[in-house]
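Listed here are the chains, written in short residue letters.
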Amino acid sequence: MKIFLRIHGKFMIAVIIPLILISGSVIMYVTINNRKIALEDALELADVSARGYANRVKAELDYEVAVMQSVNFLMDDFLLKPFSEVEKIFSDFINSILNRESHFLAIWMSWEIKAINRDYTKDYGRIRFSFVKQNEEIEHISDTLDLDGVDTLGLYYKYKQYNKPTITNPYWDDTFSEEFIQMATISIPVHDKHGAFCAFAGGDITMERFSLMIDNIHPFNGYAFLLSNDGTIIAHPDRELIGKSFYDENHQVEERIKISGKVTGGESFNFITNITWDGSDKYVSFAPVNIAQIDKPWSLGIVVPIKQITERADHNFIVSLIIGILGIFIIAVFVWILSGYFTRPLIKTTTVLNKLSTGNISDIKPIPVKSLDEIGQMSQALNTLTTNLRKIAGFAIKIGEGYLKTRYKPLSDNDLLGNALIKMQSDLVTTNEKLAESIKKAIAATNAKSLFLANMSHEIRTPLNGIIGMTDVLKESGLKKEQIDYLNIIEMSGNNLLTIINDILDFSKIESGQIELENIELNLRNEITQIINLLDNKARRKGISLNTKIDKQIPEALKGDPVRIKQILINLVNNGIKFTPKGSVTLNVSFIKSEKSMVSLLFSVTDSGIGISEKGLTRLFQSFSQTDISTTREYGGTGLGLAISKRLVELMNGEIGVESEVGKGSRFWFTVKLEADTTANKESVPSPDSKGIPEPKKLSVLLAEDNVINLKVASLVLNKLGHDIEIAENGKVAVEKFSEKKFDVILMDIQMPLMDGIEATMEIRKIESMSKSKIRIPIIAVTANAIKGDRERFLEAGMDNYIPKPFRFDEIEEILQTTVASVINKQPKNI
């Protein structure tokens, strides 16, 4: 499917679409990249926040570890002083720590007895000094432990063997308060200046401050939490989770991420998960809390909603997209205005060219030229072209109207169209001269052909009239059977010759388009009865049965051309009889269908004759053609009958065809469409104008005829019919006798000396018009001419009917009686 676009639209598409694609791609790239950068920055910020808050926790714990670690600085001269003095020094130091540092709830030291007393050699037994803060007061507790070595597998000995600073996992204790509080213990091994282990110093610190710290951490509306090295939740916004295992609370995340191992190993890591209470994506970042000198770090985690991280990036994306679209729109408007400036002249030019392509020059208006650039020059050239085309068109119109002397001056030597019209004008002048000459010759040839046909018809029919007429007269004269047989041969020969003449004339009429079909009342059954009556004797003489079958569905009253339908049927039935040595010939008429006022009929003529070969079938319906030359020799004929039938059927919008097999006979068929005559009255009595013959009566006939033979034949025929006859040897005599005597009818030959039949008729009608009686005498033309226009010419001259030569007894009697009756009925009633 082709899509029509104006150049303005194409210009817009050519600019805007690439602009949209490029700008859109840039905007999408920039915004997506910005979103990606913003997301990465946000995630990096979350990681940095986790590390920063982990360092804050680390700083808190580092300080407390450092405080406890400072005990070692007091050990330089420990072995040189008595224990009571050492105890005093440490007691003062610990008291100062408890008074100064609120995070410490208690500080204790467990001394090895062997480090205090050189005489004690066992590797167990210790003295513990505990300093506990109670209600702003410091309570000092001193006790000796494990002198019997029972507790060598306890926690103290475990830490002693570990011999490194440690911090315990948080635990709950109610020693220092009426309620349980969360706390942890920092343990520091104490060494002498030689590095030998001599004591453990431990401090119990509170964890509540870390929860307060966590409460204030809200990166991107998220939250933070603090884990010990074994995954115990130290601090969390949800206080109910403190002291519980993080892994137990988030076992699905633990199974997928394996957090426990990473926390124990002190790794920094992060991940995104939707395994949360609300099902939304969360970004989780862990940072280790590496406490100084303690190799089991804690971890600080930050949980940030992805939606919060991407919200600003999405906002920036939408803002960038809107700015980009707005920019494209502004550019599009600018391009639209700019393209209109360039394309508007082109659109006007296209409109002019479209009108020129359809030849519409008159409606074209000049294109305004506003610039001298290429578009302006094109517009100016098109204006000039339109003006010149109008001049050329005017010249061509003059030539078309026949003004071949019109002058035109070519625009230039390259004016191909103008020069071509001038050449055409010159050629038309020459052609017209030749055409005028050709027309004269064609008219002369046509006239010569018509004259030849008229003369041939007249010259052949005239003697035939004598032969056939005298044959009829002789057959009525009481001859012997043998003589009648001889006359039948003469009659058959004359009829065959007449058939040949009629075929040639009919074919000539068809070829020249002179045949016009009639559309008059038609009783098909009556017409077929006449055909059977006409050809039945011929069939009987050959011993052939002639049968008919007419479909009962066929209406009685139809309209068509009965003469031509009879002509086709007579030709087909006659051929069936001719080519059937024995057997039968059947004429069948079938009803096909009725559509509106039209009736479709199928006529078929089936014989049991010699049949036609396949090669012969291809030559049927061709002019002057029979199946082979032997057929012509044996059966005779011109070979025009089927060709004429085919043309007549086609004139009636029908089809004709044949089915045949050699030795088994043939079936010729044709179809026609006839009009149903709804106005016909089946029971009406035929009027004098109908083809029925009125009651015969004796007539006085004036016979105008110059040919002796025809005169003799006509006289004998009319006398046999019982009419009175008076002879006029030419038209002038006929007019004189008409003026002298009253006749019932005039038989007027057409071709006569001195005054022909047409001139005589016109003179008689002139005399009648001058008469007061206004009585019109019937005049019947008797002619051997039978070409197109004769009947009309005769009627126009004032004749009432005509009969062609040769004529038969029944034919001339029917013409006489019907014509006289018709003219009498048309006479004024008051005469």
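Structural notes, computed from the coordinates. (Residues numbered from 1 in each chain as written. Predicted model: local features only at pLDDT ≥ 70, side-chain atom pairs only at ≥ 80, totals over all residues. Heavy atoms only, no water.)

## Some words on a negative patch on the surface
On the surface, a cluster of negative charge is contributed by Asp238, Glu240, Asp248 and Glu249. When you line up the elements, Glu249 lands in helix H6 (residues 246-249). Taking the relative accessible area as the measure of exposure, Glu249 reaches 39% and is therefore partly exposed. (Patch = residues over 30% accessible without salt bridge, like charges linked within 9 Å, V, L, I, M, F, W, Y side chains within 5 Å. Areas by Shrake-Rupley, 256 points an atom, 1.4 Å probe, with all protein chains shown as cover. Salt bridge = Lys/Arg side-chain N within 4 Å of Asp/Glu carboxyl O. Lys, Arg positive; Asp, Glu negative; His and termini not counted. Charge placed at Lys NZ, Arg CZ, Asp CG, Glu CD. Helix = DSSP H or I, 4+ residues; strand = E, 2+ residues; numbered from the N terminus. Buried < 20%, exposed > 50% of the residue type's maximum accessible area, 1.4 Å probe, protein only.)

## Description of helix H19 (residues 731-740)
Here H19 has its buried residues at Gly731, Val733, Ala734, Val735, Lys737 and Phe738. Elements in contact with the buried residues of H19: strand E20 (700-704), strand E21 (724-728), strand E22 (745-749) and helix H20 (757-770). With a side-chain oxygen lying 3.0 Å from the backbone nitrogen of Lys732, the N-terminal cap of H19 falls on Asn730. (Contact = heavy atoms within 4.5 Å. Polar contact = N/O pair within 3.5 Å; in protein donor to acceptor, adjacent residues only side chain to side chain.)

## Concerning the nonpolar core
Judged by nonpolar contacts, the single largest core of 55 residues is most densely connected at Leu61, Met109, Trp111, Leu226, Val289, Trp298 and Leu300. The element contributing the most residues to this core is helix H1 (residues 7-69), with 10 residues. If we skip the residues at most four places from it in the chain, Leu226 touches Val57, Phe210, Ile214, Thr232, Ile233, Ile234, Ala235, Val289, Trp298, Ser299 and Leu300. One finds Ile577, Val585, Leu642 and Leu674 within the second-largest nonpolar core, a separate group that totals 38 residues. (Core = buried A, V, L, I, M, F, W, Y, C linked by side-chain atoms within 4.5 Å.)

## Looking at the sheet that holds strand E9 (residues 233-235)
Pairing in this open sheet of 5 strands is antiparallel, and the strands run E9-E8-E12-E11-E10 from one edge to the other. Either end of the sheet is taken by a strand with one partner, and the two such strands are E9 and strand E10 (269-273). The mean angle between the axes of side-by-side strands here comes to 30°, regardless of whether they run parallel or antiparallel. As paired elements, strand E8 (residues 223-227) and strand E12 (residues 298-305) share 5 bridges and run antiparallel to each other. Residue pairing across strands places Ala224 opposite Ile302, the latter belonging to E12. (Pairing = 2+ DSSP bridges. Axes fitted to C-alpha atoms, helices over the stretch in contact; angles between N-to-C directions.)

## Considerations on the side chain of Asp62
Looking at the secondary structure, you find Asp62 in helix H1. A polar contact is formed between the side chain of Asp62 and the backbone nitrogen of Ala292, at a distance of 2.6 Å. Each residue touching Asp62, except ones within four places of it in the same chain, is listed here: Asn290, Ile291 and Ala292.

## Focus: the packing of H19 against H20
Packing of H19 against H20 brings their axes to within 9 Å, and their N-to-C directions diverge by 20°. It follows from the interaxial angle that H19 and H20 lie roughly parallel. For the crossing formed where H19 meets H20, the hand is right-handed. Residues Gly731, Val735, Phe738 and Ser739 of H19 pack against Ala760, Glu763, Ile764, Ile767 and Glu768 of H20. The residue inventory of the contact of H19 with H20, partitioned by class, reads 5 nonpolar, 2 polar and 2 charged. (Parallel < 35°, antiparallel > 145°, perpendicular 65-115°, else oblique. Left-handed = near helix turned anticlockwise from the far one by under 90°. Nonpolar A, V, L, I, M, F, W, Y, C, P; charged D, E, K, R; others polar.)

## Some points on the pairing of E8
E8 sits mainly inside the fold: 4 of its 5 residues count as buried. Pairing of E8 with E9 involves 2 bridges; the strand directions are antiparallel. Across the sheet, the residue bridging to Leu227 is Ile233, located in E9.

## Notes on the packing of aromatic side chains
Going through the model one piece at a time under the given rule, you end up with 15 aromatic pairs. Ring geometry for Phe197 against Phe200: centres 5.3 Å apart, planes inclined by 70°, an arrangement best described as edge-to-face. Classification of Phe197 as buried rests on a relative accessible area of 18%. With 6.1 Å between their ring centres and 80° between their planes, Phe246 and Phe286 make a pair best called edge-to-face. On the criterion of sequence distance, the pair formed by Phe246 in helix H6 and Phe286 in strand E11 (residues 282-289) is long-range, its members being 40 residues apart. (Phe/Tyr/Trp six-rings, centres within 6.5 Å; stacked < 30°, edge-to-face > 60°.)

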